[in-house]
Amino acid sequence: MVSMASLHSLTSELHAGVLTIAFICIVIVALSQFTVRYKSMMPKRLVNAAVRVRGYAEATSYLTAVAGVVFLLLSAWTGMYAWPQEALLDSPTIKNKITMTVFATVLWIGIVFIRTRFGRALWTCPAMAVLYTLLAFAAMGVLGATGSLGAHLTVGESVLDPLWDLFGIDIGHTYAFEATVAAGIALASIAVFLLSLLIARKYDLFAIRLAPETCQKFIRWDEPKIAEPTAIQK
Amino acid sequence: MRKSAAFILVAIISGIAFALAPSLSAYEGGVANSDREAGCISPCHSVQSSAIISMQASNMTPDLGASVTITVTVSGGQASNSPMGVLLLSSFGASNSKPSDAGWTITSDPSGTTFNFNQVDSYAGSATFEWTLNAPAVDGLYALYARIAHGGGETYVGDYDAGLTFVVGGAIPPGPPTVMITNPTEDESVSGDLVVSATIATATEISYALLSIDGELVDNKSAAPYLWTIDTKTLEDGEHTVNVTAYDTSGNAGYKEVMMIVDNAAVDQEMLNWIYTMAAGTVAIVALLSLAVVVALMIRRHVMGKQEGK
């Protein structure tokens, strides 16, 4: 019978690998969009390659982000059963890892949500494309921190240790706010969320459908799709 | 051209993923040689190992500061070709459990350094670990224990909890048994399940040993190891007296008391704070994300409005 520890190792490797691919693909699409946007200053071969690559990379990023979120949730589930619960909650490093896993999951779900809601046309809107790319960096950063904590639990060290030292973070200490501070943050966040909904409703933002015919004609950021041979720039 | 672009894409992604993979890896390669407490060995090892552990010492009655060689032998167990680590301890407490906490000085370990945790990377059915230590500088009874941790499908753990008891600085005096409580230590803050451990030395033979907390009998044992697991949540938070009394076959009694501080409330509050922090952080991320999306759409609306106005 396969143990939960083995399954946890498997799902951990899967989510880390798949989400790394998703992140790399998002960065590739962002760079390709930039290349195509300023194609007059770029070598023609590079522009042609960017047009082709971004179509594949965009589709890959979406699929791998969805798969990565599924593996991330599976990894969290198997992790809860891989070790006895009382032992799990005894270790500050494991508690920090659980916290970071929760945050990474929320951020990656955010990425999947934005891509699902706006489609690949999100790349035609510069503000949304920048937000999407920054979100990918944040999600990958938190995921990397989670992986580093996991590496500490298994091998006792991580290649990201210099970063922890640089910021003076002691991963052997549980990071938590006082209950009142946490409640304040939660209340303020709920207020921000409600405010966002109110603004969206007032300006009818829920109805917006990003598409090439909206942003593209003004800003000339193409929708990244798998290019037909005839569409390639000669 | 299309195939070339796809090939380049795959090559780039594979290369970067390969480069990033080590930092995200959950590879189980054991724990590096280091100084460690008896607490949770990362990752927490929980399944009882079938390995047989034995401990031997070159001298059980060393002079003050004299050199003692401890040999820990491990055989059998499930760790076929995976790491096998051994921890040399002065107690099984979550803190102050290293030999140095009891006054010992490690002068060499199996890897030529001075750590109390050492491992072999690929265990092949048996292994021997040898430490050389200088005995404490104060007369008394001192105990050393060994704990193993290894992989092999599960996270296995095993203890040599009988330990070795040393009489440092002199012979066992005739008279009542001498009791040493190795866990908890004096004024130690404890919570949750607690293992009370005692080492008893006597010139004759121990008949039985009693554990009492605040004067109330908890349990008795007639043979070593003298270990008791108690749930501190059954006690009120605050100071409590732990007493171990040993009787030898001649009817002589010896005892030792330590004060411990039960603090389950602080642990519970810390746990609640952690959960609140996770919840608040999650809500904050969702809120900030919503705000960022709204801002992005407002920027788009603003830019398009300006463009259409021209």
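Definitions and limits used
- Residues numbered from 1 in each chain as written.
- Chains lettered and ligands numbered in written order.
- Predicted model: local features only at pLDDT ≥ 70, side-chain atom pairs only at ≥ 80, totals over all residues.
- Helix = DSSP H or I, 4+ residues; strand = E, 2+ residues; numbered from the N terminus.
- Buried ≥ 20, exposed ≤ 12 C-beta atoms within 10 Å, placed from the backbone.
- Contact = placed C-beta atoms within 7 Å.
- Pairing = 2+ DSSP bridges.
- Axes fitted to C-alpha atoms, helices over the stretch in contact; angles between N-to-C directions.
- Expected span 1.5 Å × (residues − 1).
- Bend = angle between axes of the 7 residues up to and from the residue.
- Parallel < 35°, antiparallel > 145°, perpendicular 65-115°, else oblique.
- Left-handed = near helix turned anticlockwise from the far one by under 90°.
- Nonpolar A, V, L, I, M, F, W, Y, C, P; charged D, E, K, R; others polar.
- Core = buried A, V, L, I, M, F, W, Y, C linked by C-beta atoms within 7 Å.
- pLDDT = per-residue confidence, 0-100.

Draft legend 1. Main features of the overall build of chain B. Secondary structure summary: chain B contains two helices and 17 strands in total. Of all 310 residues assigned to chain B, the portion counted as buried reaches 38%. Of the contacts formed within chain B by residues at least 6 apart in sequence, a portion of 72% connects residues at least 24 apart.

Draft legend 2. Examining the sheet that holds strand 14 (residues 216–221) of chain B more closely. Residues and elements named next belong to chain B. The strand order across the open sheet formed by five strands is 11-17-16-13-14, and the pairing between neighbours is mixed. The open sheet has two edge strands with one neighbour each: strand 11 (188–190) and strand 14. Strand-to-strand, the axes of this sheet are offset by a mean angle of 30°, without reference to chain direction. One ladder, built from five bridges, connects strand 13 (residues 206–213) with strand 14; its direction is antiparallel. In the sheet register, Ser212 faces strand 14, and the bridge partner there is Leu217.

Draft legend 3. Main features of helix 4 (residues 92–118) of chain A. Taking 1.5 Å as the rise per residue, helix 4 of chain A with 27 residues should run 39 Å; its terminal C-alpha atoms sit 39 Å apart, in good agreement. The first or second residue beyond helix 4 of chain A is Gly119(A), which carries a positive phi of 70°.

Draft legend 4. Spatial organisation of helix 2 (residues 44–82) of chain A. Taking 1.5 Å of rise per residue, 39 residues should cover 57 Å, and helix 2 of chain A covers 53 Å from first to last C-alpha, within 8% of that figure. At Val53(A), helix 2 of chain A is bent by approximately 25°, the largest bend along its length.

Draft legend 5. Just the sheet that holds strand 10 (residues 178–183) of chain B, in detail. Residue and element names in this part refer to chain B. With antiparallel pairing, three strands are arranged side by side in an open sheet as 10-12-15. Two strands close off the open sheet at either side, each with one partner strand: strand 10 and strand 15 (226–231). Pairs of neighbouring strands in the sheet enclose a mean axial angle of 25°, with direction left out of account. Direction of pairing for strand 12 (residues 193–201) relative to strand 15: antiparallel, over a ladder of six bridges. What sits directly across from Ala198, in strand 15, is Tyr226.

Draft legend 6. Spotlight on the packing of helix 1 (residues 4–37) of chain A against helix 5 (residues 126–154) of chain A. All names here are of chain A. At a closest axis distance of 10 Å, the pairing of helix 1 and helix 5 adopts a crossing angle of 150°. If you check the angle between helix 1 and helix 5, you find them roughly antiparallel. The two elements helix 1 and helix 5 meet at a crossing, and its hand is left-handed. For the pair helix 1 and helix 5, the contacting residues are Ser12, Ala16, Leu19, Phe23, Ile26, Ala30 and Gln33 in the first and Ala129, Thr133, Ala136, Met140, Leu143, Gly147 and Gly150 in the second. Among the residues making up the contact of helix 1 with helix 5, the classes are represented as nine nonpolar, five polar and no charged.

Draft legend 7. View of unusual backbone geometry. Residues and elements named next belong to chain B. Of note, the amide linkage connecting Ala224 to Pro225 takes the cis form, showing an omega dihedral of 0°. In the Ramachandran plot, Asp187 falls in the positive-phi region, its phi being about 60° despite a non-glycine side chain. Tracing the sequence through the fold places Asp187 in the loop between strand 10 and strand 11. With a phi angle near 55°, Asp214 is a residue other than glycine that sits in the positive phi range. By secondary structure assignment, the location of Asp214 is in the loop between strand 13 and strand 14. Taking the C-beta count within 10 Å as the criterion, Asp214 has 12 such neighbours and is therefore assigned exposed.

Draft legend 8. Layout of the packing of helix 4 of chain A against helix 5 of chain A. All names here are of chain A. Taken N-terminus to C-terminus, the directions of helix 4 and helix 5 make an angle of 155°; their axes are 9 Å apart at the nearest point. By the angle class used here, helix 4 and helix 5 are roughly antiparallel. Considering only the axes of helix 4 and helix 5, their crossing is left-handed. Looking at the contact of helix 4 with helix 5 residue by residue, the class counts come to 20 nonpolar, seven polar and one charged.

Draft legend 9. Up close: the nonpolar core. Formed by 65 residues in total, the largest nonpolar core has its most connected members in Ala104(A), Trp108(A), Leu122(A), Met128(A) and Ala139(A). Listed by contribution, the elements that provide at least two residues to this core are helix 1, helix 2, helix 4 and helix 5 of chain A together with helix 2 (264–309) of chain B. Beyond its immediate stretch of four places on either side in the chain, Met128(A) contacts Phe118(A), Leu122(A), Leu210(A), Ala296(B) and Arg300(B). Listed in part, the 55 residues of the second largest apolar core include Ala149(B), Val179(B), Met180(B) and Val242(B).

Draft legend 10. Structural view of the confidence of the model for chain A. All names here are of chain A. Put simply, chain A has an average pLDDT of 85, and 86% of its residues get 70 or more. The secondary-structure element of chain A with the lowest mean pLDDT is helix 8 (residues 212–219), recorded at 49, while helix 7 (residues 179–202) shows the highest, at 95. Per-residue pLDDT stays below 50 along residues 215–219; that stretch engages in 12 contacts with residues further than four places along the chain or on separate chains.

Draft legend 11. Just the environment of Thr174(A), in detail. Relative to the helices and strands, Thr174(A) resides in the loop between helix 6 (161–166) and helix 7. On the neighbour-count criterion, Thr174(A) (19 C-beta atoms within 10 Å) is partly exposed. Counting along the chain gives 79 residues from Thr174(A) to Lys95(A), while the straight-line C-alpha distance between them is 6.6 Å. In this structure, Thr174(A) is in contact with Pro92(A), Lys95(A), Asn96(A), Glu270(B) and Trp274(B), ignoring residues within four places of it in sequence.

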